[in-house]
Structures are given as C-alpha cells and as structure tokens.
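A closer look at the structure
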Amino acid sequence: SLTLFSQTYNWVGGTGDWNVSTNWSPVGIPGTGHTAIISGATDEVAVPTGYTAQCKDLQLSGGSKLTVQSGAEIHNNGSTGNGIQLVGLNTQLINEGVIKCGNVSTVATAILVTGSAVGVNSAGGVIEVNMTTYDGFAIDANGSFTNFGQVKIGNLNPIGFNAIWLYNNGKFYNKSGATVEANRT
C-alpha cells in the first residue's frame, strides 16, 4: 500500500491482538510509514501467530506489554527516531517470533530500552537490526534486554555507531545457547 503521510495510531483495545482495527485510534491497523503507540498499565497486546505487523515507529510505555508470538513478525522501517522504544517501569517487549528493524529503510536507533523497561528475545526468537543512523540497541536508565534466541546486527547493511550501547546502568544479557552476531558496525 502507498503511504502519503505519516499517521499515528494509539492503542485503545486494552488486552488484545494487534491486527484488530477497532483496537486502534483512529480505527485501522498501523502500517508502513505509521507510528504505533501502546501506553497503559493494563495493555497486553499480541502480534498473533501468522501475522506480520508493520510500522515506522513503535512506542511502548506506561507499563504496556507487547508479545510477538511464535510465527508472527513485526517489521519496523523508516523512523527518524527510535524504531522500537520501550520506556518506563513494567513496560515489556517479549519476542517469540521475528523482529526486523531497518531491513528496508533506515531507522535512527533500532531498539531503545530505557527507564527500567524490559526487553526479552525468547528461545526461538530472532531479531534482525540493519541500517541504523546511530545504534542497533541503546539500553540506558536501568533498562534491560535479555537474549535467549538470536540477535543479528548489521548482517545486511551497516550500523551507524554501536551494535549495542549500554549507559546509565543499562544491561544486555546474552544467555547460554543464545547468539549475538554483530557485523558492519
């Protein structure tokens, strides 16, 4: 589909599936070139098995939880800001499927985890990060990311600065059996 302008979609569905148009305001499903915002302590959102979600920016905050289920994908491209941004205590991204950031067009920083937010790449989960202006992962302010699966950084296209940048008590854990490949950084 052709995107003529960027639009912001705000999650209003509480707990539910990404691909239900009435869970978003305005009614519709975010696509390429759109910003998706999920913010609220009761929001538990799933990208369901068999579905590929797309957006320019994804912002999770306020204790929200997003799970990319096994067999699901989320593609994130074209952001002049952070591709996926996790902000605040109890905010979580759980990847059991595939996340691709910057595989088609550049993002500034692919994945930012800050303010005690938590990211988890589960066993079987794959995260591919390419074409960033700045960093693949930037983790700060007590944010943490734990990898049990595969993280591939810069395999297709260059990373601007750091594959993984940790500052202000940010943490990246790579667990036994997990892999991190960093190229072109």
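Now for a quick tour of the structure. (Residues numbered from 1 in each chain as written. Predicted model: local features only at pLDDT ≥ 70, side-chain atom pairs only at ≥ 80, totals over all residues. Heavy atoms only, no water.)

**Quick notes on the overall build of the chain**
Put simply, the test is: Secondary structure elements are taken from DSSP: a helix is a run of H or I of four residues or more, a strand is a run of E of two residues or more, and numbering for both begins at the N terminus. What the globule rule says is 2.2 Å times the number of residues to the power 0.38, and the radius of gyration is computed from C-alpha atoms. Partly exposed describes any residue whose relative accessible area lies between the buried limit of under 20% and the exposed limit of over 50%, with all areas from a 1.4 Å probe on protein chains only and scaled to the type maximum. His residues and chain termini do not enter the charge count, which takes Lys and Arg as positive and Asp and Glu as negative. By convention, charge coordinates are those of NZ in Lys, CZ in Arg, CG in Asp, or CD in Glu.
If you tally the helices and strands in the chain, you get zero helices and 21 strands. In terms of overall dimensions, the chain is globule-like: its C-alpha atoms have a radius of gyration of 15 Å, near the 16 Å expected for 185 residues. When the 185 residues of the chain are sorted by exposure, 50% land in the buried category. The average position of the 7 basic charges and that of the 10 acidic charges among the side chains of the chain differ by 6 Å.

**Brief notes about the sheet that holds strand E9 (residues 73–76)**
We apply this condition: Here, a strand pair is defined by DSSP locating no fewer than two bridges between the strands. Think of each axis as a best-fit line through the C-alpha atoms, taken over the contacting stretch in the case of a helix, with angles from 0 to 180 degrees between the N-to-C directions.
Pairing is parallel in the open sheet, where six strands are placed in the order E6-E9-E12-E15-E18-E21. Where the open sheet ends on each side, the last strands, each with one partner, are strand E6 (52–55) and strand E21 (179–182). Taking each pair of neighbouring strands and ignoring which way they run, the sheet shows an average axis angle of 10 degrees. Pairing geometry for E6 and E9, over four bridges, is parallel. Residue Ala-53 lies in a different strand from E9, and its bridge partner there is Ile-74.

**Brief notes about the pattern of salt bridges**
If the charged atoms of two oppositely charged side chains come close together, the side chains can form a pair. Put simply, the rule is: Salt bridges are defined as contacts in which a side-chain nitrogen from Lys or Arg sits within 4 Å of a carboxyl oxygen from Asp or Glu.
According to the stated counting rule, one finds one salt bridge in the structure shown. With a closest N to O distance of 3.7 Å, Lys-56 and Asp-57 form a salt bridge. When its relative accessible area of 19% is taken as the criterion, Lys-56 is described as buried.

**Remarks on the sheet that holds strand E17 (residues 144–147)**
Strand order in this open sheet of seven strands is E2-E5-E8-E11-E14-E17-E20, and the pairing throughout is parallel. The strands lining the two open edges of the sheet, one partner per strand, are strand E2 (16–17) and strand E20 (171–174). Inspection of the sheet shows strand E14 (residues 118–121) paired to E17 by four bridges, in the parallel sense. Within the sheet, the bridge partner assigned to Val-118 lies in E17 and is Ser-144.

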